[in-house]
Amino acid sequence: MENNFGKIGVVAGLSTFVLLIVGIRNVLGQPIEILNFVAFSVFGLIIGIIMASILFYKLRIAFYMFSSFLLIAFIEMFRNFIMNANGQGDLIGVLSLFIITSFGLGLSLIVQFIVILLNKKKNAN
């Protein structure tokens, strides 16, 4: 899997881009403007670069954790879009996507580096 880090990064970035467009256009029913496409493509590019970088450096635990956090973030975004009770579901959905994704990246990298340090300490003894 580490040998195909570029392909996995492209797939992750494109799927992020497509899920954002589907969420805004189809679930919310909002028209998408040019700046939305730019913002979605930048976010998709960031996610793709992060996924490819994690795989390039062979951080398998961080990859699986970040992937699961990204999936949870999209589920939460769509849930907020659908349960639009007070009219703020669109804003809360997109913010929850960004917050959960960034939290997941940080937590997955911390866990991965703790595992690396524990393995080095174990091998040193």
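Read on for an overview of the structure. Note that this is a predicted model, so its numbers are computed, not measured.

1. Focus on the side chain of Asn80
Within the element layout of this structure, Asn80 appears in helix α3 (residues 60-82). Side-chain polar atoms of Asn80 contact the side chain of Ser96, separated by 3.4 Å. Setting aside anything within four residues of it in sequence, one finds Asn80 in contact with Gly89, Ile92, Gly93 and Ser96.

2. Some details on helix α4 (residues 89-124)
Taking 1.5 Å as the rise per residue, α4 with 36 residues should run 52 Å; its terminal C-alpha atoms sit 51 Å apart, in good agreement. Residues of α4 that are buried include every one of Gly89, Gly93, Ser96, Leu97, Thr101, Gly104, Ser108 and Gln112, and no others. Elements that come into contact with the buried residues of α4 comprise α1 (5-28), α2 (34-56) and α3.

3. Observations concerning the side chain of Thr16
Structurally, Thr16 can be placed in helix α1. Of note is the side chain of Thr16, whose polar atom sits 2.8 Å from the backbone oxygen of Ala12. The contacts of Thr16, once residues within four sequence positions are left out, are Phe43, Gly44, Ile47, Leu70 and Phe74.

4. Digging into the packing of α1 against α2
For the pair α1 and α2, interaxial distance at closest approach is 7 Å and the crossing angle is 150 degrees. Considered as vectors, α1 and α2 are oriented roughly antiparallel to each other. Considering only the axes of α1 and α2, their crossing is right-handed. Across the interface between the two elements, Phe5, Ile8, Gly9, Ala12, Gly13, Thr16, Phe17, Leu20, Ile21, Ile24 and Arg25 of α1 pack against Phe37, Phe40, Ser41, Phe43, Gly44, Ile47, Gly48, Met51, Ala52, Leu55 and Phe56 of α2. Considered class by class, the residues forming the contact of α1 with α2 number 15 nonpolar, 6 polar and 1 charged.

5. A word on the pattern of salt bridges
What the rule picks out here adds up to 1 salt bridge. Across the pair Glu76 and Arg79 runs a salt bridge, and its minimum N-O distance is 2.8 Å. Placement of the pair is Glu76 and Arg79 together in helix α3, with a separation of 3 residues, close to one helical turn. Given a relative accessible area of 40%, Arg79 falls into the partly exposed group.

Conventions and cut-offs
Residues numbered from 1 in each chain as written. Predicted model: local features only at pLDDT ≥ 70, side-chain atom pairs only at ≥ 80, totals over all residues. Heavy atoms only, no water. Helix = DSSP H or I, 4+ residues; strand = E, 2+ residues; numbered from the N terminus. Polar contact = N/O pair within 3.5 Å; in protein donor to acceptor, adjacent residues only side chain to side chain. Contact = heavy atoms within 4.5 Å. Expected span 1.5 Å × (residues − 1). Buried < 20%, exposed > 50% of the residue type's maximum accessible area, 1.4 Å probe, protein only. Axes fitted to C-alpha atoms, helices over the stretch in contact; angles between N-to-C directions. Parallel < 35°, antiparallel > 145°, perpendicular 65-115°, else oblique. Left-handed = near helix turned anticlockwise from the far one by under 90°. Nonpolar A, V, L, I, M, F, W, Y, C, P; charged D, E, K, R; others polar. Salt bridge = Lys/Arg side-chain N within 4 Å of Asp/Glu carboxyl O.

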